[in-house]
Amino acid sequence: MKLALRIFTALVLLALMLLLALVLIAPALLERPELREQIAHAARDASGFELRFDALEVALLPPGFAIEQARLESEAGAPVFSARKIRMQVALWPLFRREVVVKTLHIEGAALDVLHTDDGFHGPFFAASASAGATDGGDGGAHEGDAAGFQVALRDLRVSDSTLRLLDRSRTAAAPLRFEGIEARLEGRLDLHAPLAIEVRATLASGGEVRMHFQMALPAASGPPSLDAHRAELRALQLEPLAGWLPALAPGFALDELSGAADLRFDIEFEDGTPEYAALQVETRALSVRRGDVRLRSDAPLRLELEMTPEGIAPIALDLSPAQLRIAPHFDKPAGAKFAISAVELQRTAPRQVGRADGRLTLPGAELDFALGTQPQLLWLRLDAEPFELAPLLDWLPAWQGPPPVGRIGFDAFKVVRPQPLEIEGALLLDAFGLPFAAGALLVSGRIEGRGDAVLGEALKARFADEPLELTLRIAPLAQGGLKSRATVGIAAEGIESAALLAALGAREEVLSGPLSFDAELHAPLDLDRPFTRDVLRGRVRFAVAPGRLRGVSLLRSSFNELGRLSEFALLAGAATGRDLRRFYEDKFTRLSGSVELADGKASSRDMKLDYRAYRVRLSGDVELEDGGLDLAGELILLDEIQQQLADRRAAPASGGNGSRPPRVIPLAKIGGTLREPKVTITRRVALGVARDYLGQRGRLGDLQRKLDEELGEGAGRQIFDALEELLGGEEEP
């Protein structure tokens, strides 16, 4: 018991002696003149600037000191960093070896200026010597320095009530950024290869709050620290003041306009110094962004979410539906129209290179699953979508001047690969899809398949002017990226209404009517450098209309009107003798058929036939596609019923036993004019032949003249025959 009491008493006396020594020695150690020089030297190594301060206060328990009105000054003497007070707590026992080991550091009221120029950022701690803070490894390196060393073994670093200014002296001349009320804290051991935790909070004077969290570790030897994790949060951040700083943060990138506010959260995790995972969440309000011809504007909130790994990025969620997105002058999506990207996965093929992107694009009334691949010299796009209406999306294309398409279009593993030449796989799905014309629309349903350098559509069902058609389509080769190709279209129809078809093609008046059957094969180049014209159309069309009508058009009437006075005479003579040729002047026919070749803006035919109940017409020549102009020749074939009207009833039939006459052929030298108003030209010799057939031999003219006088009045027959003598012109009888 007495021994224990003695030991306890000795320990108490030893403690009192140590405390007395600390009281007597510590102030002397902390106030040594070389300490100021050591501190200044350490600051110079860490920041690259000279440290000046007004006062150095010493604390006993715990041992430490405080520097008041500290400043880091440039060579010109201008302060670039200042602090109202810097408090340091030092380790006790190293003091007895004349070593100062800083354990905690608290900076109050700091003000730091960082300057940005075209060469980069400049300021304290940006050009510091690498020799600062170089320590040995292990857990006691800070205690094994020189006899009068100044070393840092921080376990706690705090910054409070401080300010940071970013000043721009580059070509962009951005407005200054001022971070106020900075609160920061570091926990850990700077002298050990151990995790450190850093928390930073600040307020932007222009608007916004910043919070950041770092987890990092210092290397065992000299070198940069390694990050383990990082989190940044920005709330109510005003974006307009940041626009000028984008080129500094992302060289080569600049915006013409940036305004609005944003909340942002960014998380990143590292493994052995390499990013392994990152997540970004951004929500904006009243956003307006413009760069060149691209502008994005939204009064409603917008939100972006994505996650990143070494393999790629997934998923991305970006809903731009509330925003107006304009890419002048080609694209203009109005605010409120659905436009969202979701479930996107980006797969990397090399560092910082995306090799494939998969996702979904949501549009008004449509959802498209897409895959996009990028490789050297290769770009491909694949689309899958159920048929949807394309017309609402064309409102976003100011350059689209034509009528919007009708019907729906979809994609079945439709893939476009663009090296040179263009290649296409998969299929387009058409559901009554097409473009409207004057009185209708060509609506096509079926699959159009991609076959490498060609596009094929077989057994396509179509309706034009509400009439059914069958189509085939081929576009090949897809040369020069598809800008210069050739299209071949096959069209077939059976018994459709020709008047409706022509009206849909733009005919202002009804010229032709009747059931139409045809098959056609048309060819035309597809050249986006040249507008489409009728001159480039080629092909062959076989057709038949039976029965039908050419409204207001009678080639018989046009032919006989060309006989001039003979036509008048024939009508008068016919009326006097009970024969009326005009009843055959009808515009209805029994059949119109033939084939035409399309080339150079014309439709040419060598076998066109037009059959009426009492005569036929055979034609060959050209029809202008632009205005319907005619350049035809042919023959008018008069059948028995008309011949009986022309011939003398007292003459015997030329055919023999059955009383019918053989067809009489009247050559038509030329048919000009237009489809609506054809003009027929007949030679004089042909006209005289018709007259003789009508009048018979001259010996019977007297009887006919007397008959005309009886029917038309005294002297009428003589007037008619005077006109006839003038027409015949002394021609001899056959």
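Residues numbered from 1 in each chain as written. Predicted model: local features only at pLDDT ≥ 70, side-chain atom pairs only at ≥ 80, totals over all residues. Heavy atoms only, no water.

Asker: How do you make sense of the overall build of the protein when you look at a structure like this?
Answerer: The number of helices and strands found in the protein is eleven helices and 39 strands. Across the 734 residues of the protein, 41% fall into the buried class. In the protein, 51% of the contacts between residues at least 6 apart in sequence involve partners at least 24 apart. Counting every atom, the protein has about 39600 Å² of accessible surface; 55% of that belongs to carbon and sulfur. (Helix = DSSP H or I, 4+ residues; strand = E, 2+ residues; numbered from the N terminus. Buried < 20%, exposed > 50% of the residue type's maximum accessible area, 1.4 Å probe, protein only. Contact = heavy atoms within 4.5 Å. Areas by Shrake-Rupley, 256 points an atom, 1.4 Å probe, with all protein chains shown as cover.)

Asker: Honestly, a negative patch on the surface in this entry has me stumped. Any pointers?
Answerer: The grouping of E271, D272, E276 and E311 at the surface amounts to a negative patch. Mapping D272 onto the fold places it in the loop between β12 (257-271) and β13 (274-291). On the basis of relative accessible area, D272 is assigned to the exposed category, the value being 76%. (Patch = residues over 30% accessible without salt bridge, like charges linked within 9 Å, V, L, I, M, F, W, Y side chains within 5 Å. Salt bridge = Lys/Arg side-chain N within 4 Å of Asp/Glu carboxyl O. Lys, Arg positive; Asp, Glu negative; His and termini not counted. Charge placed at Lys NZ, Arg CZ, Asp CG, Glu CD.)

Asker: In this structure, what is going on with the side chain of S288? I would like to understand it.
Answerer: Looking at the secondary structure, you find S288 in strand β13. Among the polar contacts listed, one links the side chain of S288 to the side chain of E257, at a separation of 2.7 Å. (Polar contact = N/O pair within 3.5 Å; in protein donor to acceptor, adjacent residues only side chain to side chain.)

Asker: Got a minute to help me understand the packing of aromatic side chains in this structure?
Answerer: The description of two aromatic rings rests on the distance between their centres and on the angle between their planes. Inspection of every chain in the model, using the stated rule, returns six aromatic pairs. Here the aromatic rings of F388 and F411 are separated by 6.4 Å at their centres, their planes lie at 40 degrees, and the arrangement is tilted. On the criterion of sequence distance, the pair formed by F388 in strand β22 (residues 378-389) and F411 in strand β23 (residues 406-417) is long-range, its members being 23 residues apart. Like F388, the residue F411 is buried in the burial classification. For the pair F589 and Y612, a centre-to-centre distance of 6.4 Å together with 80 degrees between the ring planes defines the contact as edge-to-face. Of this pair, F589 sits in strand β33 (residues 588-589) while Y612 sits in the loop between β35 (602-611) and β36 (615-624); the two residues are 23 residues apart in sequence, bridging distant segments of the chain. The same class applies to F589 and to Y612, which are both buried. An aromatic cluster of at least three residues, connected via ring pairs, comprises F331, F339 and W396. Stacked on the ring of W396, the Lys or Arg K333 has its end atom at 6.0 Å from the ring centre. (Phe/Tyr/Trp six-rings, centres within 6.5 Å; stacked < 30°, edge-to-face > 60°. Lys NZ or Arg CZ within 6 Å of the ring centre and 35° of its normal.)

Asker: I tried to follow unusual backbone geometry on my own but got confused; where do I start?
Answerer: Cis geometry is found at the peptide bond from A328 to P329, where omega equals -5 degrees. Mapping P329 onto the fold places it in the loop between β17 (324-327) and β18 (331-333). Omega for the peptide link from A546 to P547 comes to -20 degrees, which places this bond in the cis form. Checked against the element boundaries, P547 lands in the loop between β31 (538-545) and β32 (548-550). In this structure, Q69 is a non-glycine residue whose phi angle is positive, near 50 degrees. Of note, Q69 is situated in strand β3 (residues 64-73). The class of Q69 is partly exposed, set by a relative accessible area of 39%. The backbone of A236 sits at a positive phi, close to 50 degrees, despite the residue not being glycine.

Asker: In this structure, what is going on with the pattern of salt bridges? I would like to understand it.
Answerer: Across all of its chains, the model carries 33 salt bridges by this definition. Across the pair D54 and R71 runs a salt bridge, and its minimum N-O distance is 3.2 Å. Taken together, the positions of D54 in the loop between β1 (50-52) and β2 (55-59) and R71 in strand β3 put the pair 17 residues apart, joining distant regions of the chain. The class for D54 is exposed, based on a relative accessible area of 52%. Taking the relative accessible area as the measure of exposure, R71 reaches 23% and is therefore partly exposed. Overlapping salt bridges bring together D256, E257, R290 and R295 as one network.

Remember that the coordinates give geometry; whether it matters functionally is a separate question.
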